[in-house]
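Notes for the structure review
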Amino acid sequence: RKKSTHIMMLKTAQRYPIAPEFVAKCASGSTNIFKVHIMQALIENGFTDRIYGDLYKQLFSSDVEGNINHVPDYEDVFEILKQIHEAGGIAVLANPQRCKNEKLLDELVAAGLDGIEVYTPNMSADQKAELIKYAKAHKLLTTGGTNFKGLYNKHILSVGDCDLPDECVNELLTYKSRQKK
């Protein structure tokens, strides 16, 4: 991921007079440099006035010719599932609505996926209902999250925007002990 971000920073510097060191400064306090930090550097240098505007789409949208987006090479998802379980973790798929491939979801479940993220503000009621039904049918945990990105949210988030039912929390907290039985 760091390599991909570095490539995108260099491509940005070819188009705009912004040093990669300045982008790194915009990411100060973060664990990595992300697209939003590149955009923050472009804002601070007057090339745009927002993070998720036309320039963001031009630079990072895969359907725009000449974009600078660079997708990192990730480890095989099935190997990651195995590693999570070997480490004693619970494997939960975040943003399953982005998967858009039920066959892959079925393969992940067969490989030991423990849960899916369902309760999140960026999911429609229909998507949520469909995923809850899928989770129940496959005995998966359901989790939630706000997708909070600090200053870099696409939409304003308020306390309570992500309402995770108590039974989901209880199931998650007791999952490992139930697995041992």
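Residues numbered from 1 in each chain as written. Predicted model: local features only at pLDDT ≥ 70, side-chain atom pairs only at ≥ 80, totals over all residues. Heavy atoms only, no water.

1. Focus: the overall build of the protein
Along the backbone of the protein there are eight helices and three strands. Element order for the protein, N to C, with α for helix and β for strand: α-α-α-α-α-β-α-β-α-β-α. A total of 181 residues make up the protein; the buried ones form 33% of that total. Within the protein, residue pairs in contact and separated by at least 24 positions form 57% of the contacts whose partners lie at least 6 positions apart. (Helix = DSSP H or I, 4+ residues; strand = E, 2+ residues; numbered from the N terminus. Buried < 20%, exposed > 50% of the residue type's maximum accessible area, 1.4 Å probe, protein only. Contact = heavy atoms within 4.5 Å.)

2. Some words on helix α1 (residues 2–15)
Given a rise of 1.5 Å per residue, 14 residues ought to cover 20 Å, and the 20 Å separating the end C-alpha atoms of α1 matches this to within 8%. Within α1, burial applies to Ser4, Thr5, Met8, Met9 and Thr12. Relative to the axis of α1, the buried residues are bounded by an arc of 140° and lie together on one face. Projecting away from the buried face of α1 at angles above 90 degrees are the exposed residues Lys3 and Gln14. Residues of α1 that are buried make contact with α2 (20–26), α3 (35–44) and α4 (54–60). (Expected span 1.5 Å × (residues − 1). Arc of directions from axis to C-beta.)

3. What to know about the nonpolar core
Core analysis: the biggest nonpolar cluster contains 19 residues, and Val23, Ile38, Met39, Leu42, Leu59 and Phe60 have the highest contact counts within it. Among the elements that make up this core, the one with the highest residue count is α3 (five residues). In this structure leucine 42 touches Thr12, Tyr16, Ile18, Phe47, Thr48, Leu55 and Leu59, once residues within four positions along its chain are discounted. Counting residues in each nonpolar core, the second largest holds 15 residues, with Ile116, Met123, Leu131 and Leu140 among its members. (Core = buried A, V, L, I, M, F, W, Y, C linked by side-chain atoms within 4.5 Å.)

4. Overview of helix α5 (residues 77–86)
Residue aspartate 76 occupies the N-cap position of α5, its side-chain oxygen lying 3.1 Å from the main-chain nitrogen of phenylalanine 78. Two residues or fewer after α5 comes glycine 88, characterised by a positive phi angle close to 85°. (Polar contact = N/O pair within 3.5 Å; in protein donor to acceptor, adjacent residues only side chain to side chain.)

5. Considering the pattern of salt bridges
All chains considered together, the criterion is met by three salt bridges. The shortest N-O distance in the salt bridge between glutamate 86 and lysine 82 comes to 3.9 Å. With glutamate 86 and lysine 82 both in helix α5 and four residues apart, this pair spans about one turn of that helix. Judged by its relative accessible area of 44%, lysine 82 is partly exposed. Across the salt bridge formed by lysine 103 and glutamate 107, the nearest N and O atoms sit 3.6 Å from each other. Of this pair, lysine 103 and glutamate 107 both sit in helix α6 (residues 102–110), separated by four residues, roughly a single helical turn. What makes lysine 103 exposed here is its relative accessible area of 58%. For glutamate 107, a relative accessible area of 32% puts it in the partly exposed group. (Salt bridge = Lys/Arg side-chain N within 4 Å of Asp/Glu carboxyl O.)

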